[in-house]
Amino acid sequence: MAALLRLRARLPSLAPQYYLINRTADEYRKGDHKAAVLIQSWFRGCRVRAYIRYLHQKMTVVQKWWRGYLGRKYFRQMVKTEYFNMKMNFYNEMAVRIQKRWRGYHTRKEKHNYYARKKYLEGISRNNENLRERMAIMAASMEEEKRKVDHEREEQKKDYQARKMHYLVSTEQIPGVYNSPFRKFPDPMEYRLQKAKPLPHRKPPVKKDATEDFSNWLACTRLHSFPRSQALPPIDRKKIQGPFRDIAEVLHQRYKPLEPSLRLATSISAVERAGDELKREEWRSHLNDNAFLPFSSYHKNEKYEPLIHTSTKYGPRPYGTENFREEERKKWVTSEGFKTVFPSLHLFDRFGKEYSKAGQIV
């Protein structure tokens, strides 16, 4: 009863306290709610990021294994291809060497006559030597002719110079320029001046008289149609002193036949004709008319003609006894396996043994 009275006495003050507590709780509830939401969002973000990081790690592992598998597969294929190419190149080179040796032996033995070819080449060498000798003789003769022509031309120039300077010749009273009294012997030009004949004097051109008779100029159309008389020599003309040549000698020199030089007398195609003549002479003296065609199909349609020393009853001579190396057929056959020339690589020794899968060799 007493407790009820106390509660009833406190009843007027409980309502304000109740409302105050509720208002305070409402105010703190919003902040707590926001804090809880923030904590939940952060936690969930951390959890999702950790999960994504985990997935990234696993995906990286998967990609690493897959890419490693693809790389090893491509590398094995590349090694296999390179090894195959190296073997094929080596076998091709060895096949080329074998074919080269066999074709050389077969050509020398069956297709071409070595001794006939040797004789043919010797004949060509002799023809070349003869041709060189004849060409050397021809060149020497041409050089000699050229030297003679040059010498004659120089002599003609000196003779013309001597005739032109004939006035410098010595006389009985006065010695000439080339016959100095201080010399023991006269100059060679002095003897040339004594033998030479002086050049004839040129007649001076006759001057036309300006005072001509033009009385009948109306009846003529040209000045040269007027009748003219020969000009008389001047009265004070002096006689030319000096020796004169005979008229017959002068006419013979003027009307002498043409004597062309060696260059004009020789035809322009003389060299070509000489070359053609040499070719015809070489063709007539051929030792072997059959063309030598070692790498053509010229011989396929011809029947093989055996050599004299191989078609006798005594049998052919052993190959290589004189001009080639001897054959040893026993060395061609062997019981050993084929051996490569180049050593193998360490990378190819590990081929097929490096990468395994579940205990099985790839």
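As shown above, the structure is provided for reference.
Before going into details, it helps to say that this report is about the structure given with it. Predicted model only: the values in this text are computed from it and were never measured. (Residues numbered from 1 in each chain as written. Predicted model: local features only at pLDDT ≥ 70, side-chain atom pairs only at ≥ 80, totals over all residues. Heavy atoms only, no water.)

Considerations on the overall build of the protein chain
The number of helices and strands found in the protein chain is 7 helices and 2 strands. Across the protein chain, helices and strands are ordered from the amino to the carboxyl terminus as α-α-α-α-α-α-α-β-β. Residues counted as buried form 6% of the 362 residues belonging to the protein chain. Excluding contacts between residues fewer than 6 apart, the proportion of contacts in the protein chain whose partners are at least 24 apart in sequence is 66%. Approximately 34800 Å² of the protein chain is accessible, and the part contributed by carbon and sulfur atoms is 59%. (Helix = DSSP H or I, 4+ residues; strand = E, 2+ residues; numbered from the N terminus. Buried < 20%, exposed > 50% of the residue type's maximum accessible area, 1.4 Å probe, protein only. Contact = heavy atoms within 4.5 Å. Areas by Shrake-Rupley, 256 points an atom, 1.4 Å probe, with all protein chains shown as cover.)

As for helix α2 (residues 114–164)
With 51 residues, α2 should reach 75 Å at 1.5 Å per residue; the first-to-last C-alpha distance of 74 Å fits that figure. Within α2, the full set of buried residues consists of Tyr120, Gly123 and Ala162. (Expected span 1.5 Å × (residues − 1).)

Side note on the pattern of salt bridges
Applying the stated criterion across every chain yields a total of 10 salt bridges. Of the charged contacts, one joins arginine 147 and glutamate 144 as a salt bridge, the two residues approaching to 2.2 Å between their closest N and O atoms. Taken together, the residues span about one helical turn, with arginine 147 and glutamate 144 both in helix α2 at a distance of 3 residues. The salt bridge partner of arginine 280 is glutamate 277, with a shortest N-O separation of 2.7 Å. Within this pair, arginine 280 and its partner glutamate 277 are both found in helix α6 (residues 270–284), separated by 3 residues, close to a single helical turn. By relative accessible area, arginine 280 is classed as partly exposed at 43%. (Salt bridge = Lys/Arg side-chain N within 4 Å of Asp/Glu carboxyl O.)

Focus: a nonpolar patch on the surface
A contiguous nonpolar patch, built from Val48, Tyr51, Ile52, Tyr54 and Leu55 and spanning about 470 Å² of accessible area, is present on the exposed surface. You can see leucine 55 is positioned in helix α1 (residues 2–111). (Patch = residues over 30% accessible without salt bridge, like charges linked within 9 Å, V, L, I, M, F, W, Y side chains within 5 Å.)

Observations regarding the side chain of glutamate 190
Structurally, the position occupied by glutamate 190 is in helix α3 (residues 188–195). The buried charged residue glutamate 190 lacks any salt bridge partner; its closest oppositely charged side chain belongs to arginine 183, at an N-O distance of 8.4 Å. (Lys, Arg positive; Asp, Glu negative; His and termini not counted.)

Focus: the nonpolar core
In this structure, Ala162, Met165, Leu168, Met189, Leu193 and Ala196 together form the largest nonpolar core, which totals 6 residues. Setting aside residues no more than four positions away along its own chain, methionine 189 makes contact with Lys158, Gln161, Ala162, Met165 and Tyr178. (Core = buried A, V, L, I, M, F, W, Y, C linked by side-chain atoms within 4.5 Å.)

Quick word on the side chain of serine 170
Residue placement: serine 170 occurs in the loop between α2 and α3. A polar contact of 2.6 Å, which involves the side chain of serine 170, links it to the backbone nitrogen of glycine 176. A distance of 2.9 Å separates the side chain of serine 170 from the side chain of glutamate 190, its partner in a polar contact. Contacts of serine 170, omitting those with residues within four sequence positions, involve Pro175, Gly176, Asn179 and Glu190. (Polar contact = N/O pair within 3.5 Å; in protein donor to acceptor, adjacent residues only side chain to side chain.)

Description of the packing of α2 against α3
How two helices sit against one another is set out by the angle between their axes and by the gap between those axes. Interhelical geometry of α2 versus α3 gives an angle of 70° and a closest axis separation of 9 Å. Here α3 runs roughly perpendicular to α2, going by the angle between their axes. Taking contact as the criterion, the partners of Glu155, Lys158, Asp159, Gln161 and Ala162 in α2 are, on α3, Met189, Arg192 and Leu193. (Axes fitted to C-alpha atoms, helices over the stretch in contact; angles between N-to-C directions. Parallel < 35°, antiparallel > 145°, perpendicular 65-115°, else oblique.)

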